[in-house]
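Summary of structural features
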Amino acid sequence: MEPTKFDIQFSAIRRAVIERVFSRMNDRQKEAIFCTEGPLLVLAGAGSGKTSVLIHRIINILRFGKGYDSPYATPNTGMEDLAFLANYLEDPKPEHEARAMQLCAVEPVKPWNIVAITFTNKAAQELQNRLTNAVGEADASAIWAHTFHTCCLRILRRDIERLGYSSTFTIYDEDDKKRVITDLVRKLRLDDKIFEPRKIMNEISRAKDNLITPRTFAVDQRGEFYMGRVAELYALYEKEMRANNALDFDDIILKTIQLLRENADILEHYQQKFRYVLVDEYQDTNHAQYVLTALLAGGYKNICVVGDDDQSIYKFRGATITNILEFEQQYENAHVVRLEQNYRSTDTILNAANGLIRNNQNRKGKELWTDRTGGSKIRLHRSDTQENEAEYIVRQILEGVERGRKWNEFAVLYRNNVLSNAVETAFRRQSIPYRIYKGRDFFSRAEIRDMFAYLWVIENPSDTLRLKRIINVPARKIGARSIEIAEEIAAQEGVPLFEVVRRADTYSELGRGAAAMMRFAQMIEELRELRTEVSLSEFYEDMLDVTGYQESLENKGDTESRSRLENIMELKSNIVSYEEQSEAPSLSEFLEEMALYTDADKQDENDETVLLMTMHAAKGLEFPVVFLCGMEDGVFPGFRAEENDEDLEEERRLCYVAVTRAKQELYLTCAERRLMYGQTRYAHPSRFLREIPEELLDSNCSATPRMNDMDTPSVGGVNPSYRKPSGLAGGTAPAALFAAGDCVVHRAFGEGMVTSVKAMGGDQLLEIAFTQKGTKRLMAKSAAQFMQKR
DNA sequence: AATCCGGTTCTTTTT
DNA sequence: GAACCGGATT
């Protein structure tokens, strides 16, 4: 069918109306939004409005479908509709909007035909929230906007039985996984120095990422001493996981692929369902994830991937930058859109980022730009020691606060976690409120893991790993030897350990341990019963009681136990809020959600504290002021990366990610010597610093290392590589002495009164009640620079 | 079963 | 320097 003249006329005016809807987007963004059919690669630079593009692209698909590009008119459209739209374009009255939108919708898409896959819960949450705001709760919740793992679990939940697992399957995290591997290494009597569980885990993970089954792995590694054994371990691991009815994070993806590949009907179902597939952070996908997305998008081939090859920083976790670099080969006639306009940072920061990343060979090539010029120079500061580096950061923050910034406008980023120590010490000394942004801190506490172990065992009787964790916690007189015997029986009979424990009295080998085991099993079964009768939160309370866990902590009564009790109660509030949020709360759904949850997900953005985190953790975040500390060769880039170009490029990308977190001010700090791994090391400023155009820097040192710069911090030399910070005379300033009752003025905390003074190692620990900011503890010497008596 | 000691190791870690 | 693990000790 040829488009008629009317069609063409109508089509043009429709485009204009649609363009108006997305008028806040730039041309490149619109290109991505309107390209709905076929494979699309969006190369989205840092801060280029990637999430907005994803959202608006979904909105466009929902409202207009192919409307933008279709040369045809909507069926049953007449001349009067054309006039109506023309009129609406001239004068868009809100009351005409609904009809105008309806006329423009050539082939609107149902929300359940769209899947948008992200990596983090946070990103998925943000998508969901913004979609809800834009298209309403009903439509938004029908869209699958989830992480890879949540998507896969939704698929598995329906059909995992086809793979021979029961639907009450358990999810093992990295620690659980390590436990299983360690036990296996021991069982095989292998040397765990050579067969390091962490290494084995990694090998198995990589194999799974690449969809290599234990069988293929064994064939590939036949005759190899080390890898041959790894193959054996892989096979045993797989067997063990099946026996426990458990999946690890890799399995969640892998088993989904297997399910889809082996069951044409299921594949067909999802390929029909997902007419539009969107994938975020594509540069961080591994091979399995690539295969998964290809399978899901296999029906309509409408796959849109968004990513930035320059921000690929998870190679060590199996991400292959190849996926994004070769998208155009993998998907013929793929359309490519580059988003290079940055809405986040000053052009100083962007030029630094561009200068840096230009040194990478293996990339698609992008230059970030902004139409807002200006911005203060990047401050490069070299200190003599890590303590003074931290002091410098403290000073800058306090000065910033004095000028009116809030604590949460600052972030301190570092390459590895140890670097946070010096900064933390300095922060504590000056009572700077801070928080460390870290993954699963809460969930890795022993007491929390215990609670989850109980819950998983109640849900999944085959979960032997968790059963072993809690069978004797609190102490129930079930010794290690009894458990071992019971495990042997279980292995012989081919039943889960719990089954043996439940019928312990039928095995004479168990001797005196049998009674205690029976009691334990009865308790668990009682709890299973109870679970069906009361709400989840009530059940949790009862569980704390019935298991005696709470009591045993209360009986100890030390500080440690009290904090454990607090954590256990904290978990209760997690349960309560889950119950409020879920439509049909269930134990299995709760456990599943929690297995994929991290502490970072509940981070409160309005929390008024300085944030400390690794550069990796900072990806996707932004802050007005950013400090990058430990900018030294050997630290960043790390000494491991100095040898090989590929690793060095990954480190450079990490640096690029870190730099582009800053919106207004960027500080780069390094120290001449640093205490690391028990010895003081001397280091040159990071080579990355030299890659930043010099005119963007305001520095107290030269980024170019001089031959002897580490032994002679030559003050007043021709080209001093390091100068002592002016003003603060290397910490030797005479400490102003304070006494209780003194009134003081602090530059960041305002007026206050010293309420107590304690002598501490030639210094004083002051407690000061500030009129505005409450009571703080400060060390007198360091505080003196920001505070005066009055 | 709990605690102490000594040897070892030391990127990063969205789920 | 610190944290973690395993073995020995009580």
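As a reminder, the structure under discussion sits directly above these lines.
Residues numbered from 1 in each chain as written. Chains lettered and ligands numbered in written order. Predicted model: local features only at pLDDT ≥ 70, side-chain atom pairs only at ≥ 80, totals over all residues. Heavy atoms only, no water.

Observations concerning the overall build of chain A
Per the secondary structure count, chain A includes 32 helices and 22 strands. For 790 residues, the compact-globule formula gives about 28 Å, and the C-alpha radius of gyration of chain A, at 30 Å, lands near that figure. In terms of overall dimensions, chain A has C-alpha extents of about 90 × 80 × 60 Å along its principal axes. Out of the 790 residues belonging to chain A, those deemed buried represent 54%. Long-range contacts, defined here as pairs at least 24 residues apart, represent 75% of the contacts in chain A between residues at least 6 apart. Within the structure as shown, chain A displays about 35,800 Å² of accessible surface, and the carbon and sulfur contribution to it stands at 47%. Distance between charge centroids for chain A: 3 Å, based on 104 positive and 122 negative side chains. (Helix = DSSP H or I, 4+ residues; strand = E, 2+ residues; numbered from the N terminus. Rg over C-alpha atoms; globule rule 2.2 N^0.38 Å. Buried < 20%, exposed > 50% of the residue type's maximum accessible area, 1.4 Å probe, protein only. Contact = heavy atoms within 4.5 Å. Areas by Shrake-Rupley, 256 points an atom, 1.4 Å probe, with all protein chains shown as cover. Lys, Arg positive; Asp, Glu negative; His and termini not counted. Charge placed at Lys NZ, Arg CZ, Asp CG, Glu CD.)

Some words on the sheet that holds strand β3 (residues 144-147)
In space, the 6 strands of this open sheet follow the order β3-β2-β6-β7-β1-β8, with parallel pairing throughout. Strand pairing shows two members of the sheet lacking a second neighbour, β3 and β8 (335-339), which therefore form its edges. With direction set aside, neighbouring strand axes in the sheet form an average angle of 15 degrees. Of the strands in this sheet, β2 (114-118) and β3 touch helix α6 (residues 121-135), which is tilted by about 165 degrees from β3. Lying on the sheet, helix α8 (residues 148-159) is in contact with β2, β3 and β6 (276-279); it crosses β3 at an angle near 115 degrees. (Pairing = 2+ DSSP bridges. Axes fitted to C-alpha atoms, helices over the stretch in contact; angles between N-to-C directions.)

Overview of the protein's contact with DNA strand C
By nearness alone, every residue bordering DNA strand C is listed as R186, L675, Y677 and G678. Protein-proximal atoms of DNA strand C, defined as those within 4 Å of the protein, fall in sugar or phosphate at a share of 27%. Residue R186 places a side-chain N or O atom 2.7 Å away from a phosphate oxygen belonging to DNA strand C. In terms of residue class, the surface near DNA strand C is built from 2 nonpolar, 1 polar and 1 charged. (Near = heavy atom within 4 Å. Polar contact = N/O pair within 3.5 Å; in protein donor to acceptor, adjacent residues only side chain to side chain. Nonpolar A, V, L, I, M, F, W, Y, C, P; charged D, E, K, R; others polar.)

Here we look at the state of the cysteines
Here the structure, examined in full by the defined rule, presents 0 disulfides. Between C35, a cysteine without a disulfide, and C304, which holds the nearest cysteine sulfur, the sulfur-to-sulfur distance is 7.8 Å. Free of any disulfide, C655 has its nearest cysteine sulfur in C670, 12 Å distant. (Disulfide = S-S within 2.5 Å.)

Observations concerning the protein's contact with DNA strand B
Residues in contact with DNA strand B amount to 22 residues; listed here are only the nearest, D284, R415, T598, T614 and R640. Counted by atom, the contact set of DNA strand B within 4 Å of the protein is 54% sugar and phosphate. For DNA strand B, a base oxygen lies 3.2 Å from a polar atom in the side chain of D284. Between DNA strand B and the protein, one listed contact pairs a base nitrogen with a side-chain N or O atom of R317 at 2.9 Å. Of the residues contributing to the surface near DNA strand B, the split by class is 6 nonpolar, 9 polar and 7 charged.

Overview of the pairing of strand β14 (residues 662-671)
The element β14 is largely enclosed, with a buried count of 8 among its 10 residues. Sheet topology places strand β9 (residues 378-383) next to β14; 5 bridges connect them, and they run parallel. For R379, the partnering residue across the bridge sits in β14 and is Y667. Sheet analysis places strand β13 (residues 623-628) next to β14, joined by 5 bridges and oriented parallel. By the bridge assignment for β14, V626 is matched with L666. Crossover connection from β13 via helix α30 (residues 645-659) to parallel β14: handedness right-handed. (Right-handed = clockwise from strand over helix to strand, strands pointing away.)

A few points about the environment of E651
Here E651 shows up in helix α30. Separated by 597 residues in sequence, E651 and L54 place their C-alpha atoms 28 Å apart.

Topic: the packing of helix α26 (residues 536-546) against helix α28 (residues 559-581)
Two elements in contact, α26 and α28, have axes separated by 9 Å at closest approach and are oriented at 160 degrees. Compared by their axis directions, α26 and α28 come out roughly antiparallel. When the axes of α26 and α28 are compared, the crossing they make is right-handed. Where α26 abuts α28, its residues L536, S537, Y540, E541 and L544 lie against I568, M569, L571, K572, I575, V576, Y578 and E579. Residue classes in the contact of α26 with α28 are distributed as 9 nonpolar, 1 polar and 3 charged. (Parallel < 35°, antiparallel > 145°, perpendicular 65-115°, else oblique. Left-handed = near helix turned anticlockwise from the far one by under 90°.)

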